[in-house]
Structure formats: C-alpha cells, structure tokens
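Residue-level structural notes
Below, each chain spelled out in residue letters.
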Amino acid sequence: MKGYLWLVLLLAVFLLLIPLPALPKANPSGATGPAAAPSTTPPPAATTIPDAPPAQPMYRILCGDTVVSLPQREFLIRTLAMEMPALYHEEALKAQAVAAYTYYHRRREAQKNKADPALNGADFVTPNETFPQNYTEAKLRERWGEKYDEYYGKIADAVEAVWGQTITYDGKLIDACFHAMSNGQTETAKQVWGAEVPYLQAAASPGDTQANGYRSTATFTPQQVRDILSDEKGVSLSDDPAEWFGKPTLSDSGTVASQSVGGKKIAGTRVRTLFGLRSASYSVTYENDTFTFSVRGYGHGVGMSQNGADCLAREGYSYKEILKHYYAGVTIE
C-alpha cells in the first residue's frame, strides 16, 4: 500500500515540473484549425499593374511623297530651334512656341474635319524644304556645336512651360502667322493675301528697325530684269530701262501695295516673289545701268515679328503680352 502511495506522489511531482507552454491552450472563440492562431507569415503584398504609358500625340507630315511621323512635343522643339535663334529671350521663345503649336494644330484639326486626299493621310505638308533633315539631332549639333546641350535645353524648357497652350479668336484656333522682322510695323492679312482677318492687323514693331539684317539690297542688270519679266503677261518694256518701274503705291504700313512695271500694275508681293526680295517693303532705283532694290525687313510681315517679340521680351513683356500685341483680340489658354 505504501508503495502505491509513493508512486502516486511521484507522478504528481512530475506533472508539476512540465513547462506550462507545453500544455494545450483553450480557444475561447471555439475556432479550430490553422486560422485560429495568428499567422507569423506576413500577408503577400498587393499586386499593382502599372498603367501603360500614354501614347505620345504625333504629327504626320508630308514630305514629297513620304509621310513622316514625329511626336508633337519633339516636332515643336525642333521647329522652334529652326524658327527662332536660341539666343532670343525666354519669353520670346515661349511666344513662338505657342504660335507655332497653334499654327500647326489648326492645320491638323482642319485635316481631321475635312481630309485633303493630296496629303496622303498626313496632318499637313512639310514646314519648309529643310524638313526633316535639318531638324535632326545631328544637324542641330552641327549647327550649335558645343552649345547644343545649353541651347536645346533652353528651347525644350520654353516648349515645356507653355505646352498645350493655343491662341484662339472667338473660340477658334487662329492662323498664327509669323515672320522674321517687319519694316517697323506689321502688315494686315488683307494687304498681303487679300482677305480680311480680324486678328491679323497692323501692329507697331519699332525694335525691328534696329535688327541685324533689317536692310538688304538686290541688284539686277537690265537684261536680267527683262528675263525675269519675260513671262509676265501685259508687261511691255521700252528701250529705256529708266522708264520700266513707276512710282509705287504704299500701304499704311509702308509696304508696296502695287507698282507699275512695264506699263502693268503689279502687286508688291508679286514683285517681291519675282525678284526674290526679302520683303515687299522696298524701293527700286536705276543708275549706272543697274537696278537696285533697297529692302527693309524680312518676310511677309503678317502676324508676329520674331525679332519684335525678342525686343518686347527684353522690355519686360510676357509671352502672353507679346502674342496679344501682334494678334488682335485673341485669347491664350
């Protein structure tokens, strides 16, 4: 009997010595299985599928028989690089960027609304004969040399600062014409192209008169003049070259509206084209068997003067103020 009692006592002591963590715990919630205990493994991170990068808006440009595609931002940067010197003031560069974007976007919208089959699916025709070869990085590096990074960065910053902004009149994109420099006052669209455009009116641009290249000359012999005018119907040149060019009629802005040439009245813009003059603001003299055209300004003279924009910017005008100076009654947004 004593042996049995010692055995019971020894078993009780043994149970007291077992560590408590080894004993099973009650589950107050009544749940069973793995979910009843807190997990020591962190839950998997939520899987996020990144949005696809937005497609870059493109321009499709007709060059000869080939359609070239270029992202709109890059096209605008390179167009600005070709259209305006990188040394111009930042506000002038911004004004040019908005004008150029408006100019080409208007043509793209017109093509979308009523496609011209001659464009072969393009948005518009090449800006000039130098596109696209002179718009490449290689050509710009050749042009700017060691200044490439500085100039490209300056122009890209100007484009980025105004990206997406357009010029409108009465809620519609304007035909944002521009030119290198006027004769001191810009011309009206009606004077140059024969159609009244309310926002393309004459504007003072006195800074142009101080620009490099403001004055230019072109000289021709009487025989060269005869050759140039040989296909002009109604022109009859006498034996005395001094009689060939009559007194011109000038516009309010001082460009040649028309001039009698060989007895026929010819528009000043036509004379400019025939003789390859830098503008239609000219005078012509005959002396020592030579015709001399003295020309002021560069370009058709309508819309924004690029040199004038730079002058205004250096006087403290913002790009919006510059644009509103050259385009009457417009909104920029």
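Along every chain, residues carry numbers that run from 1 in the direction the sequence is written. Totals for whole chains, interfaces and linings use every residue, but because this is a predicted model, local features are given only for residues with pLDDT of at least 70 and side-chain atom pairs only at 80 or more, for both listing and counting. Side-chain figures throughout are based on the complete set of non-hydrogen atoms in the structure, without hydrogens or water.

**Some words on the environment of Arg-141**
Only runs of H or I of at least four residues qualify as helices and only runs of E of at least two qualify as strands under DSSP, and these elements are numbered from the N terminus. Residue placement: Arg-141 occurs in helix H4 (residues 137-144). In this structure, the C-alpha to C-alpha distance between Arg-141 and Tyr-152, residues 11 residues apart in sequence, is 9.4 Å. Once residues within four sequence positions are removed from consideration, Arg-141 is found in contact with Tyr-148 and Asp-149. Whether two residues are in contact is decided by their heavy atoms: any pair within 4.5 Å suffices.

**A closer look at the pattern of salt bridges**
For this analysis, a salt bridge means a side-chain nitrogen from Lys or Arg found within 4 Å of a carboxyl oxygen belonging to Asp or Glu. According to the stated counting rule, one finds 13 salt bridges in the structure shown. Here Glu-137 and Arg-141 are joined by a salt bridge, their closest N and O atoms 2.8 Å apart. Linking Glu-137 with Arg-141, this pair stays in helix H4, spanning four residues, or about one helical turn. Relative accessibility under 20% of the residue-type maximum defines a buried residue, over 50% an exposed one, and the middle range a partly exposed one, all with a 1.4 Å probe and only protein chains included. For Glu-137, a relative accessible area of 37% puts it in the partly exposed group. The residue Glu-232 makes a salt bridge to Arg-270 at a minimum N-O spacing of 2.5 Å. Within this pair, whereas Glu-232 is found in the loop between helix H7 (222-229) and strand E8 (249-250), its partner Arg-270 is found in helix H8 (residues 268-275), the two being separated by 38 residues in sequence.

**Overview of the sheet that holds strand E4 (residues 167-169)**
DSSP calls a pair of strands paired once it identifies at least 2 bridges connecting them. The sheet built from three strands is open, its strands ordered E5-E4-E14 with antiparallel pairing. Since the sheet does not close on itself, it has two edges, and those belong to strand E5 (172-173) and strand E14 (331-332), each with one partner.

**Focus on the nonpolar core**
In this structure, Trp-144, Ile-167, Met-304, Leu-323 and Tyr-327 are the most contacted members of the largest nonpolar core, which totals 57 residues. Of all the elements in the fold, those that place two or more residues in this core are strand E1 (58-63), helix H2 (72-83), helix H3 (90-113), H4, helix H5 (148-162), helix H6 (189-193), helix H9 (306-314) and helix H10 (319-326). The biggest single contributor to this core is H3, with nine residues. By convention a nonpolar core is built from buried Ala, Val, Leu, Ile, Met, Phe, Trp, Tyr and Cys residues, the set being connected through side-chain atoms within 4.5 Å.

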